[in-house]
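Chains, contacts and geometry: an overview
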Amino acid sequence: QKEVEQNSGPLSVPEGAIASLNCTYSDRGSQSFFWYRQYSGKSPELIMFIYSNGDKEDGRFTAQLNKASQYVSLLIRDSQPSDSATYLCAGNTGNQFYFGTGTSLTVIP
Amino acid sequence: DTAVSQTPKYLVTQMGNDKSIKCEQNLGHDTMYWYKQDSKKFLKIMFSYNNKELIINETVPNRFSPKSPDKAHLNLHINSLELGDSAVYFCASSQTHNTGELFFGEGSRLTVL
């Protein structure tokens, strides 16, 4: 069983729209969650992390965590073509980081 | 200064050969990792070392042998390479094994012919 599941997409949104990326996890012991962005041919880079239930905002990005339902989401407001990338959701169980399979996002100008 | 650096960036080799990838981090982190990313972008944990001690060894063929001479270095040696070993291998580090974010190296693309 995969610890972290994501819809692989591809997800396409027009420029300026809100992109919504979702992730579910199986281990209730997971303590923290991370969203990474990975451009083609590059290494993953951290976008946001969240530890507590609720929303966390950073610029155009909002991470949401619902521990009761075991899901994490990332909202990207005012999507830009430069946001086109694969977004990886990761959880930390207290011992290691587990990644989802990633969601490919394309923002259409 | 690159926080997590790994070399080489590209390896092209024949089946049956042996190859090594080196990784160094200058962040003062305690924990280092090797991940394998396949063509579908799935990042799979292979090994994790905390202060030079192996703490995670996922189901990986014993042809793969990690070595951590000190907490700033984690190398990966692969014996008898197979076609299925072709992938991008990422080194990463974190402050500890259960805190902080992962910082990734640039990746080493291994192609086995």
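Above this text sits the structure in question.
Residues numbered from 1 in each chain as written. Chains lettered and ligands numbered in written order. Predicted model: local features only at pLDDT ≥ 70, side-chain atom pairs only at ≥ 80, totals over all residues. Heavy atoms only, no water.

Turning our attention to the interface of chain A and chain B. If you look at the interface, chain A gives 21 residues, while chain B gives 20 residues. Surface buried jointly by chain A and chain B totals about 1700 Å² across both partners, of which 55% is contributed by carbon and sulfur atoms. For the pair chain A and chain B, the interface holds zero salt bridges. When contributions to the side of chain A that touches chain B are tallied by element, the ones reaching two or more residues are strand 4 (32-38), strand 9 (85-92) and strand 10 (97-99) of chain A. Partitioning the side of chain A that touches chain B into residue classes produces nine nonpolar, eleven polar and one charged. (Contact = heavy atoms within 4.5 Å. Buried area = accessible area lost by both parts, 1.4 Å probe. Salt bridge = Lys/Arg side-chain N within 4 Å of Asp/Glu carboxyl O. Helix = DSSP H or I, 4+ residues; strand = E, 2+ residues; numbered from the N terminus. Nonpolar A, V, L, I, M, F, W, Y, C, P; charged D, E, K, R; others polar.)

Backbone hydrogen bonds are what pair the strands of a sheet, in a parallel or an antiparallel way. Residues and elements named next belong to chain A. Spatial ordering of the open sheet is given by 1-3-8-7-6, a layout of five strands whose pairing is antiparallel. With one partner strand each, in any of the chains shown, strand 1 (4-6) and strand 6 (54-58) form the two edges of the open sheet. For this sheet the average axis-to-axis angle between neighbouring strands, irrespective of direction, equals 20°. Relative to strand 7 (residues 61-66), strand 6 runs antiparallel, the two being bridged by five bridges. (Pairing = 2+ DSSP bridges. Axes fitted to C-alpha atoms, helices over the stretch in contact; angles between N-to-C directions.)

Turning our eyes to something else, we now look at the packing of aromatic side chains. Residue and element names in this part refer to chain A. Using the criterion set out here, one finds 13 aromatic pairs over all chains in the structure. Consider the rings of Phe34 and Phe49, whose centres lie 6.4 Å apart with planes at 45°: the pair is tilted. Taken together, the residues span a long stretch of sequence, with Phe34 in strand 4 and Phe49 in strand 5 (residues 45-50) at a distance of 15 residues. We classify Phe34 as buried; its relative accessible area is 0%. The class of Phe49 is partly exposed, set by a relative accessible area of 30%. Centroid distance Phe49 to Tyr51: 5.2 Å. Interplanar angle 40°. Geometry classified as tilted. (Phe/Tyr/Trp six-rings, centres within 6.5 Å; stacked < 30°, edge-to-face > 60°. Buried < 20%, exposed > 50% of the residue type's maximum accessible area, 1.4 Å probe, protein only.)

Residues and elements named next belong to chain B. Following Thr7, the chain continues to Pro8 via a peptide bond in cis, the omega torsion being -5°. As for its position among the elements, Pro8 is in the loop between strand 1 (4-7) and strand 2 (10-13). Not every positive phi belongs to a glycine, and Lys52 is a case in point at roughly 75°. Position of Lys52 among the secondary structure elements: in the loop between strand 5 (43-50) and strand 6 (53-57). The partly exposed category is assigned to Lys52, whose relative accessible area is 43%.

Before going further, it helps to spend a moment on the state of the cysteines. Under the definition given, this model contains two disulfides over all chains. With a sulfur-sulfur separation of 2.1 Å, Cys23 of chain A is cross-linked through a disulfide to Cys89 of chain A. Between Cys23 of chain A and Cys89 of chain A, the S-S torsion sits near -70°, and that sign places the bridge as left-handed. With Cys23 of chain A in strand 3 (residues 19-25) and Cys89 of chain A in strand 9, this residue pair connects regions lying 66 residues apart in the sequence. In this structure, Cys23 of chain A and Cys89 of chain A share a single accessibility class: buried. The side chain of Cys23 of chain B participates in a disulfide bridge whose partner is Cys91 of chain B; the two sulfur atoms lie 1.8 Å from each other. Measuring handedness by torsion sign, the sulfur bridge of Cys23 of chain B and Cys91 of chain B sits at about -80° and is left-handed. With Cys23 of chain B in strand 3 (residues 19-25) and Cys91 of chain B in strand 9 (residues 87-94), this residue pair connects regions lying 68 residues apart in the sequence. Each of the two residues, Cys23 of chain B as well as Cys91 of chain B, counts as buried. (Disulfide = S-S within 2.5 Å.)

So far we have only geometry, and geometry alone does not tell us how the molecule works.
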